[in-house]
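What follows is the residue order along each chain.
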Amino acid sequence: MPTLLIRNAGILATMDDARREIADGAVFVRDGVIEQIGLTADLPKVADAIIDATDQVVLPGLVNTHHHLVQTMTRAVPAAQDAPLFGWLQSLYPIWARLTPDHVHAAVTVGLAELLLSGCTTSSDHLYLYPNGSRLDDEIQAATEIGIRFTATRGSMSIGESKGGLPPDILTETEPSILADSERVIGAFHDRSRHAMLQIALAPCSPFSVSRELMRDTAILAREKGVRLHTHLAENVEDIDYSLAQFGVRPGDYVEQLGWVGADVWHAHCVQLDAKEIALFARTGTGIAHCPCSNMRLGSGIAPLGALLHAGVPVGLGVDGSASNDSGHLLNEARQAMLLQRVHKGAGAMTARQALDLATRGGARVLGRTDIGHLAPGMSADLAVYDLNQIELAGSDWDPLAALLFCGPVKAKTVVVNGRQVVSDYRLTTIDLQAAIVRHRRLSRGLVAA
């Protein structure tokens with residue numbers, strides 16, 4: 001069984017239950033699983049591969065709980081630059097209607113590469129558009145090739161403009177076909193084992209693009225098959241207004257009626273939850289993907305993060321789509337989460353370590369993973385390593401861990417997923433990134449120009 005030793009770490013931030021930060025720390029890995037952790041002097045001296053982490057900070061791999069990777073094709077589109085959520089979507093739907101399997105594969109490849117280079121080792125993705133023969137299989141192939149741990153969510157839209165929904169009819173599917181394909185991808189791809197590299201969740205897009213019946217039936221199917229549930233919820237005031245007008249209740253009441261609360265459910269955004277809804281999520285263990293950059297970009301508001309955490313709601317971070325954030329840097333998302341709470345509630349509202357907790361342990365909890373999110377024996381060997389000898393971090397030696405957020409964002413020098421080094425000296429080892437970018441740019445230009 002192959003072994004890996006990371007040694008001489010300036011700081012090894014375990015994010016374990018004791019939140020240990022070990023100077024001159026080391027991690028010994030066997031067959032993709034952490035076997036030992038502690039001082040360099042106390043761990044084995046030899047391994048099949050050795051990484052010298054002198055003057056470097058070692059973290060658990062970061063966890064991204066919400067994304068739309070295909071949107072890397074439509075960053076900074078002029079018509080959508082200054083619109084709120086609904087207008088932003090309506091500007092981009094006609095472009096997304098021309099997506100093909102090649103677009104999906106290329107977009108996912110580049111989007112996941114960007115995440116890996118930021119230190120993210122696990123990502124979910126919410127793909128709810130399947131035009132022109134596109135399938136969830138296309139993004140799963142890209143994720144497998146690049147070597148990231150991945151939760152692919154089978155999204156869907158079934159209520160188009162002709163039925164009072166937001167998306168154009170051409171982007172919707174019939175509900176029987178959605179449920180049938182959901183069952184297919186679970187059977188084909190979902191891995192229930194510990195240390196799984198690929199899992200499936202079911203994810204109708206939002207209450208304004210699917211029916212009440214599809215929400216209910218999807219929840220029933222997911223629980224029959226033992227997979228998680230995901231959707232958008234309470235993202236902005238338009239979202240609240242739609243729920244009240246169409247369903248006569250706020251979003252929290254709506255999802256509770258349909259079985260969309262519980263420890264197997266996580267919702268994206270939740271910017272506009274009220275106190276009653278926060279209590280509901282806390283009581284049921286319902287998770288939230290907090291997406292501060294996207295929420296700011298679209299003017300959706302500031303999520304009540306302090307109240308959510310105080311109540312005990314599971315919260316992780318999400319970069320969201322790269323057209324509503326225009327970036328896929330998860331360490332920067334942690335930085336923005338910290339800064340936005342300080343703008344909202346004062347300088348002491350969130351510390352750097354609390355934000356890093358969201359990016360690691362919080363994300364693992366939201367995705368229902370007990371094998372990632374912190375470093376300890378028996379955990380998956382997912383690690384991100386940041387070199388302190390970068391100009392952005394000069395003069396921060398007294399607290400290099402906090403400096404990753406206060407001084408950042410910086411990219412990871414080394415990234416390990418499942419014991420495999422997928423980023424080495426700031427370069428991906430699994431794919432030809434430059435070739436992927438050239439292909440992506442060609443496809444993106446053709447898509448938007450058309």
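Here the structure is shown first, and the text comes after it.
These lines cover the structure that appears in this document, whether it is placed above or below. These numbers were taken from a predicted model, which means no experiment stands behind them. (Residues numbered from 1 in each chain as written. Predicted model: local features only at pLDDT ≥ 70, side-chain atom pairs only at ≥ 80, totals over all residues. Heavy atoms only, no water.)

Describing the overall build of the protein chain
For clarity, the threshold we go by: In this text, helices come from DSSP runs of H or I with a minimum length of four residues, and strands from runs of E with a minimum of two, each type numbered from the N-terminal end. C-alpha atoms define the radius of gyration in this analysis, and the globule rule sets the expected value at 2.2 Å times the number of residues to the power 0.38. We call a residue buried when its accessible area falls under 20% of the maximum for its residue type, exposed when it is over 50%, and partly exposed in between, using a 1.4 Å probe and counting protein chains only. Residues count as neighbours in contact if any of their non-hydrogen atoms are within 4.5 Å of one another.
Of the regular secondary structure elements, the protein chain holds 14 helices and 17 strands. Computed over its C-alpha atoms, the radius of gyration of the protein chain comes to 21 Å, within 12% of the 22 Å expected for a compact globule of 450 residues. The C-alpha extent of the protein chain, read off along each of the three principal axes, is 65 × 45 × 45 Å. Across the 450 residues in the protein chain, those meeting the buried criterion constitute 60%. Nonlocal contacts in the protein chain, meaning residues at least 24 apart in sequence, comprise 74% of its contacts between residues at least 6 apart.

Thoughts on the nonpolar core
What counts, and what does not: Joining through side-chain atoms within 4.5 Å is the link that ties buried Ala, Val, Leu, Ile, Met, Phe, Trp, Tyr and Cys residues into a set, and such a set is a nonpolar core.
Counting 116 residues, the largest nonpolar core has Trp-88 and Leu-404 as the members making the most contacts within it. Of all the elements, helix H2 (residues 101–117) adds the most residues to this core, at 9 residues.

Quick look at helix H12 (residues 352–366)
The test is simple: A helix is expected to span 1.5 Å for every residue after the first. Across the chain, bend at a residue is computed as the angle between axes fitted to the seven residues ending at that point and the seven starting from it.
Its 15 residues place the ends of H12 20 Å apart at the C-alpha level, agreeing with the 21 Å of an ideal helix rising 1.5 Å per residue. Of all the bends in H12, the greatest, near 40°, is centred on Leu-358. In terms of residue burial, H12 counts as a mostly covered element, since 11 of its 15 residues are buried. Downstream of H12 by one or two residues, Gly-368 has phi in the positive range, about 75°.

A few points about the pattern of salt bridges
To be explicit about the condition: Salt bridges are identified by distance alone: a Lys or Arg side-chain nitrogen within 4 Å of an Asp or Glu carboxyl oxygen.
Scanning all chains against the criterion turns up 23 salt bridges. Across the pair Arg-361 and Asp-17 runs a salt bridge, and its minimum N-O distance is 2.9 Å. With Arg-361 in helix H12 and Asp-17 in the loop between strand E1 (3–13) and strand E2 (21–30), the pair connects residues that are 344 residues apart, well separated along the chain. Classification of Arg-361 by relative accessible area gives partly exposed; the value is 22%. Across the pair Asp-357 and Arg-19 runs a salt bridge whose closest N-O atoms are separated by 2.9 Å. Note that Asp-357 is positioned in helix H12 and Arg-19 in the loop between E1 and E2, a separation of 338 residues in sequence. A residue is classified by how much of its surface remains accessible, and Arg-19, at 36% relative accessible area, is partly exposed.

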